[in-house]
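These are the residues of each chain, in order.
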Amino acid sequence: MNIVNKNFVSIDEIRSKLGTTGQIAEKTSSDSGKSFDRVLLDKADQIKFSRHAAKRLETRNISISEEQKARLEDAAEQAMEKGMTESLVMVDDLAFILNVRNKTIVTAVNDTANAVFTNIDGAIIN
């Protein structure tokens, strides 16, 4: 099907134009069998790392386990529930600054002995 007009406002508008207003029935190629909708929502819900944070992780040789990442996810949920916007999250001996609205880690620190954190409105020690 060729769609000439590419000025769609949302995915819902595309679905209505294609006649698929309900859930998308096609599955992804992954073994999990999740729909594209579900995979997209799952990914959008996960913690992301900004380019700056990723660089800090690399230059400071910080590696994060799956368990630590799960604790970051939990802290993001707690921060959201409390109405925080920029939060300091402590996981073991690591410190992260979290932009709560975007669920994005904006920086990471592994030497917190003399660290100073500014422009935060809350802290979660997890």
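Higher on the page you've got the structure.
Residues numbered from 1 in each chain as written. Predicted model: local features only at pLDDT ≥ 70, side-chain atom pairs only at ≥ 80, totals over all residues. Heavy atoms only, no water.

K.L.:
Honestly, the overall build of the protein chain in this entry has me stumped. Any pointers?
P.N.:
Regarding its fold elements, the protein chain presents four helices and five strands. Counting from the amino terminus, helix and strand elements in the protein chain follow one another as α-α-β-α-α-β-β-β-β. In the protein chain, which comprises 126 residues, the share counted as buried stands at 28%. Within the protein chain, counting contacts between residues at least 6 apart in sequence, those at least 24 apart form 49% of the total. Element-wise, carbon and sulfur atoms account for 50% of the exposed surface of the protein chain, whose accessible area totals about 8,900 Å². (Helix = DSSP H or I, 4+ residues; strand = E, 2+ residues; numbered from the N terminus. Buried < 20%, exposed > 50% of the residue type's maximum accessible area, 1.4 Å probe, protein only. Contact = heavy atoms within 4.5 Å. Areas by Shrake-Rupley, 256 points an atom, 1.4 Å probe, with all protein chains shown as cover.)

K.L.:
Got a minute to help me understand the pattern of salt bridges in this structure?
P.N.:
Between side chains of opposite charge, pairing is possible as soon as their charged atoms come close. Inspection of the entire model under this criterion finds four salt bridges. The shortest N-O distance in the salt bridge between Lys103 and Glu73 comes to 3.7 Å. Of the two residues, Lys103 is situated in the loop between β3 (94-99) and β4 (104-109) and Glu73 in helix α4 (residues 66-82); the sequence distance between them amounts to 30 residues. Since its relative accessible area comes to 6%, Lys103 is described here as buried. Between Lys103 and Glu77 there is a salt bridge, and its shortest N-O distance comes to 3.0 Å. Here the residue Lys103 occupies a position in the loop between β3 and β4, and Glu77 occupies one in helix α4, the gap between them amounting to 26 residues. (Salt bridge = Lys/Arg side-chain N within 4 Å of Asp/Glu carboxyl O.)

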